[in-house]
Number of protein chains: 2
Amino acid sequence: MLSFQELSTEFNKQFDTQHFPATPNTLYAPGEYFLTIGGKRIRPVMCLLGNELFANIHPDAYVVARAIELFHNFTLVHDDMMDEASLRRGMPTVHTKYDANTALLVGDVMLIRAYEFLQNIQPSYLPKILKIFNRTAREVCEGQQLDMDYAKMKSVSLEQYIHMITLKTSVLLAASLEIGSIIGGASENNCNLLYEFGKKIGIAFQIQDDYLDAYGDAASFGKEVGGDIKQNKKTFLLLHVMAVADESQLKALDVLLENNDADKVEKVLAIYNECGVPAWANNLKAKYMEEAFAHLEEIAVVSNRKKPLIDLANYLMNRNK
Amino acid sequence: MLSFQELSTEFNKQFDTQHFPATPNTLYAPGEYFLTIGGKRIRPVMCLLGNELFANIHPDAYVVARAIELFHNFTLVHDDMMDEASLRRGMPTVHTKYDANTALLVGDVMLIRAYEFLQNIQPSYLPKILKIFNRTAREVCEGQQLDMDYAKMKSVSLEQYIHMITLKTSVLLAASLEIGSIIGGASENNCNLLYEFGKKIGIAFQIQDDYLDAYGDAASFGKEVGGDIKQNKKTFLLLHVMAVADESQLKALDVLLENNDADKVEKVLAIYNECGVPAWANNLKAKYMEEAFAHLEEIAVVSNRKKPLIDLANYLMNRNK
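Parameters and conventions
- Residues numbered from 1 in each chain as written.
- Chains lettered and ligands numbered in written order.
- Predicted model: local features only at pLDDT ≥ 70, side-chain atom pairs only at ≥ 80, totals over all residues.
- Helix = DSSP H or I, 4+ residues; strand = E, 2+ residues; numbered from the N terminus.
- Rg over C-alpha atoms; globule rule 2.2 N^0.38 Å.
- Buried ≥ 20, exposed ≤ 12 C-beta atoms within 10 Å, placed from the backbone.
- Contact = placed C-beta atoms within 7 Å.
- Nonpolar A, V, L, I, M, F, W, Y, C, P; charged D, E, K, R; others polar.
- Core = buried A, V, L, I, M, F, W, Y, C linked by C-beta atoms within 7 Å.
- Least-squares fit on C-alpha atoms with pLDDT ≥ 70 in both.
- Expected span 1.5 Å × (residues − 1).
- Axes fitted to C-alpha atoms, helices over the stretch in contact; angles between N-to-C directions.
- Parallel < 35°, antiparallel > 145°, perpendicular 65-115°, else oblique.
- Left-handed = near helix turned anticlockwise from the far one by under 90°.

Chemist: Requested: an account of the overall build of chain A, with residues and values cited.
Modeler: Check the secondary structure of chain A and you find 16 helices and two strands. Relative to the compact-globule value of 20 Å for 321 residues, chain A shows a C-alpha radius of gyration of 20 Å, a close match. Its C-alpha atoms give chain A principal-axis dimensions of roughly 60 × 50 × 35 Å. Going through the 321 residues of chain A one by one, you find that 48% of them count as buried. Across chain A, every contact between residues at least 6 apart in sequence was considered, and the portion connecting residues at least 24 apart equals 75%.

Chemist: Can you break down the interface of chain A and chain B residue by residue, with the values?
Modeler: Facing the 32 residues of chain A at the interface are 32 residues of chain B. For the side of chain A that touches chain B, the secondary structure elements donating two or more residues are helix H2 (25–36), helix H4 (59–82), helix H6 (100–118) and helix H7 (126–152) of chain A. Tallying contributions element by element places H7 of chain A first for the side of chain A that touches chain B, with 14 residues. The residue inventory of the side of chain A that touches chain B, partitioned by class, reads 18 nonpolar, seven polar and seven charged.

Chemist: Describe the nonpolar core, with residues and values.
Modeler: Formed by 190 residues in total, the largest nonpolar core has its most connected members in Leu49, Val64 and Ala114 of chain A together with Leu49, Val64 and Ala114 of chain B. Apart from the residues within four sequence positions on either side, Leu49 of chain B is in contact with Phe4, Leu7, Leu177, Gly180, Pro308, Leu309 and Leu312 of chain B.

Chemist: I'd like to hear about the relation of the copies chain A and chain B, residue by residue, with values.
Modeler: Laying chain A over chain B is done by rotating through 180° and shifting 0.0 Å along the axis; what remains is an RMSD of 0.0 Å. Each copy turns onto its partner about a two-fold axis.

Chemist: Run through the environment of Leu193 of chain B, naming residues and quoting values.
Modeler: Residue and element names in this part refer to chain B. Note that Leu193 resides in helix H9 (residues 188–215). Look at Leu193 and you get buried, because 22 C-beta atoms sit within 10 Å. Expressed as a C-alpha distance, the spacing of Leu193 and Leu212, which sit 19 residues apart in the sequence, is 28 Å. Setting aside anything within four residues of it in sequence, one finds Leu193 in contact with His295, Glu298 and Ile299.

Chemist: Talk me through helix H6 (residues 100–118) of chain B; I want residue IDs and the actual numbers.
Modeler: Between its first and last C-alpha atoms H6 of chain B spans 27 Å; for 19 residues at 1.5 Å apiece the expected length is 27 Å, and the two agree. Burial analysis of H6 of chain B places 17 of its 19 residues in the buried class, the great majority of the element.

Chemist: Outline the environment of Thr166 of chain B, supporting the account with residue identities and numerical values.
Modeler: All names here are of chain B. By the element assignment, Thr166 lies in helix H8 (residues 158–183). On the neighbour-count criterion, Thr166 (19 C-beta atoms within 10 Å) is partly exposed. Taking the C-alpha atoms as reference points, Thr166 and Gly202, separated by 36 residues in sequence, lie 7.2 Å from one another. When near neighbours in sequence (up to four residues on either side) are disregarded, Thr166 contacts Val171, Lys199, Gly202 and Ile203.

Chemist: Give me the packing of H4 of chain A against H6 of chain A: which residues, what numbers.
Modeler: Residues and elements named next belong to chain A. Where H4 meets H6, the axes come as close as 8 Å, and the angle between the chain directions of the two elements is 160°. Relative to H6, the element H4 is oriented roughly antiparallel. Relative to H6, H4 is oriented so that their crossing is left-handed. Facing H4, whose interface residues are Val63, Val64, Arg66, Ala67, Leu70, Phe71, Asn73, Phe74, Val77, His78 and Met81, H6 presents Ala100, Ala103, Leu104, Val106, Gly107, Met110, Leu111, Arg113, Ala114, Phe117 and Leu118. Counted by class, the contact of H4 with H6 contains 17 nonpolar, three polar and two charged residues.

Chemist: Describe helix H3 (residues 42–52) of chain B, naming the residues involved and giving the relevant values.
Modeler: All names here are of chain B. Counting buried residues along H3, 10 of its 11 residues qualify, which places the element largely inside the surrounding structure. All of the buried residues in H3 are Ile42, Pro44, Val45, Met46, Cys47, Leu48, Leu49, Gly50, Asn51 and Glu52. Of the surrounding secondary structure, the elements contacted by the buried residues of H3 are helix H1 (4–15), helix H4 (59–82), H8, H9 and helix H16 (307–318).

Chemist: Give me unusual backbone geometry: which residues, what numbers.
Modeler: Thr23 of chain A connects to Pro24 of chain A through a cis peptide bond whose omega is -5°. Of note in the backbone geometry, Glu84 of chain A takes a positive phi value of approximately 50° without being a glycine. Along the chain, Glu84 of chain A falls in the loop between H4 and strand S1 (87–88). Judged by C-beta crowding, with 10 C-beta atoms within 10 Å, Glu84 of chain A ranks as exposed. Of note, Asn232 of chain B is a non-glycine position whose phi angle comes to about 55°, a positive value. Looking at the secondary structure, you find Asn232 of chain B in the loop between helix H11 (227–230) and helix H12 (236–244). Overall, the presence of 15 C-beta atoms within 10 Å leaves Asn232 of chain B in the partly exposed class.

Chemist: Tell me what's going on with the environment of Ala103 of chain A, and back it up with residues and numbers.
Modeler: Residues and elements named next belong to chain A. Checked against the element boundaries, Ala103 lands in helix H6. What makes Ala103 buried here is the crowd of 23 C-beta atoms within 10 Å. Residues Ala103 and Phe74, spaced 29 residues apart in sequence, show a C-alpha to C-alpha distance of 9.5 Å. With residues near it in sequence (within four places) discarded, Ala103 still touches Val77, Met81, Val94, His95 and Tyr98.

Chemist: Provide a residue-level description of the packing of H4 of chain A against helix H8 (residues 158–183) of chain A, including the pertinent values.
Modeler: All names here are of chain A. Contact geometry of H4 with H8 gives a least axis separation of 10 Å together with a crossing angle of 165°. By the angle class used here, H4 and H8 are roughly antiparallel. For H4 against H8, the interelement crossing comes out right-handed. Contacts between H4 and H8 involve Asp60, Ala61, Val64, Ile68 and His72 from the first element and Leu172, Ser176, Ile179, Gly180 and Ile183 from the second. Classifying every residue of the contact of H4 with H8 gives six nonpolar, three polar and one charged.

Dropping the structure here:
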């Protein structure tokens with residue numbers, strides 16, 4: 001049995017290859033470029049971990065893991081266009097380095113390529129896995145649409161935000177685990193439990209993401225701390241503050257959000273602190289982690305098989321970037 | 001056995017339904033909108049015809065036909081963005097009626113939805129059909145990329161143009177027929193022959209498209225005649241003229257292409273006529289039709305089963321819109 005870190009190393013080694021045909025180079029070189037600029041590659045490793053929880057890893061798990069990572073990168077290429085983001089992982093985004101038409105088509109063909117890897121797995125579970133992959137892919141699009149819709153809305157409830165995050169982020173983590181578990185021969189009940197574990201981990205993951213964006217250490221975070229605050233992004237933190245702040249804090253917050261003064265981040269953070277955001281975020285994250293682990297607990301396999309998954313969950317929750 | 005027209009009517013009846021879930025409406029309503037504005041729906045009918053050539057139509061053929069039509073519409077939504085086209089079939093394109101971000105995501109989710117229909121066919125031929133669908137989808141993207149690349153190039157050979165058109169247009173027509181034939185239980189050899197028939201028909205189809213854009217009757221064509229000429233689009237016609245025109249004609253053509261005078265279309269057409277474009281285009285179309293029919297001829301089924309396909313080919317070649 002391989003540890004989470006060993007699987008991560010192994011996946012990265014296998015993924016360090018050409019993913020597209022050579023021509024037309026104008027289409028495929030930008031695709032290869034984006035896939036070389038890195039990323040944490042959590043999703044494919046979750047697929048491998050899902051398999052390993054129940055059985056030794058089948059080569060198909062690597063094939064699906066690759067498809068999942070391609071799918072995730074397709075969403076990033078198109079999301080970066082929608083968000084007009086010029087940098088991703090400190091490197092130029094596809095539409096910035098090339099142009100919008102190229103990025104549009106690169107995303108399209110990356111999604112198709114994901115399906116092209118998927119087609120090669122054992123026919124016995126292809127229909128089942130394809131079904132989960134499709135539903136999840138569609139849900140991720142729905143999440144992105146809700147994210148854009150929410151950006152235009154004056155107020156969003158925490159419940160709505162969690163619904164959006166579940167679609168945009170959690171379901172892909174959950175499906176990665178579930179698909180891996182199908183390849184590992186898990187029972188339907190165990191597959192479902194692992195899916196629920198992934199969904200809760202996904203929400204905790206996003207809380208940590210939002211927290212780091214406001215409270216991260218600039219040196220290790222790798223991108224500008226306070227970016228969400230500058231953009232008035234409705235994060236877990238902001239939505240909580242909007243729900244609990246008193247009238248004078250809300251008024252101050254309103255003024256800060258309407259302007260983009262040099263000390264905006266600092267002053268918004270001061271209100272966050274007055275409202276006890278760090279402790280609240282940590283408690284909420286702990287609550288979702290606990291729920292996640294309760295699902296994992298229920299899965300009927302010997303407990304040492306669960307260790308890599310627990311390690312992954314802890315890594316995700318304690319990361320500083 | 002149903003005729004080409006009867007299958008077309010039946011497909012349109014079945015396709016006149018909701019294709020997406022109800023929410024989020026901001027994502028799915030634009031998708032439904034685009035699917036109601038029509039189109040010739042040749043590709044799904046070709047899938048049904050491919051099935052019918054060998055056996056009575058299996059319900060799966062309708063499922064795949066629907067997936068193919070969704071895939072085709074996904075390419076149109078994104079192509080319209082790339083071409084900055086404001087109208088499609090006389091109606092506002094998705095990025096015009098809504099916005100670019102919506103159109104981007106609508107295209108994405110339409111492609112995913114196509115795969116979601118595909119997942120429901122019989123597992124026995126799912127891997128084979130998924131493989132053809134994926135390869136074709138990727139090739140269509142490659143064709144679109146080449147089309148954009150060629151627009152920036154000074155000169156393009158007829159051979160290059162045919163290669164681009166094969167990818168952008170022909171392979172989807174060919175694959176629609178082939179997938180239908182697989183559902184119909186055809187032998188591999190017959191499937192291949194039908195695919196080759198579709199590829200040749202596709203090229204003849206594009207010659208007719210290019211011809212109608214220059215020589216169509218404005219009233220029946222449904223869009224502006226001469227649009228390709230106005231945009232200096234490298235069509236079959238223009239590439240032929242560039243290859244056969246004499247020095248003075250080439251010079252005159254160069255001046256016309258560099259400017260956008262009110263009489264541009266009329267004057268370019270005059271040069272086309274001097275170079276015998278209408279007869280040349282008709283001969284080239286006839287050549288590809290002949291090659292297509294030779295492949296159809298080789299398919300070992302009783303000849304009356306081929307009639308609907310012959311009717312379709314003739315309809316496509318003699319259409320005026």
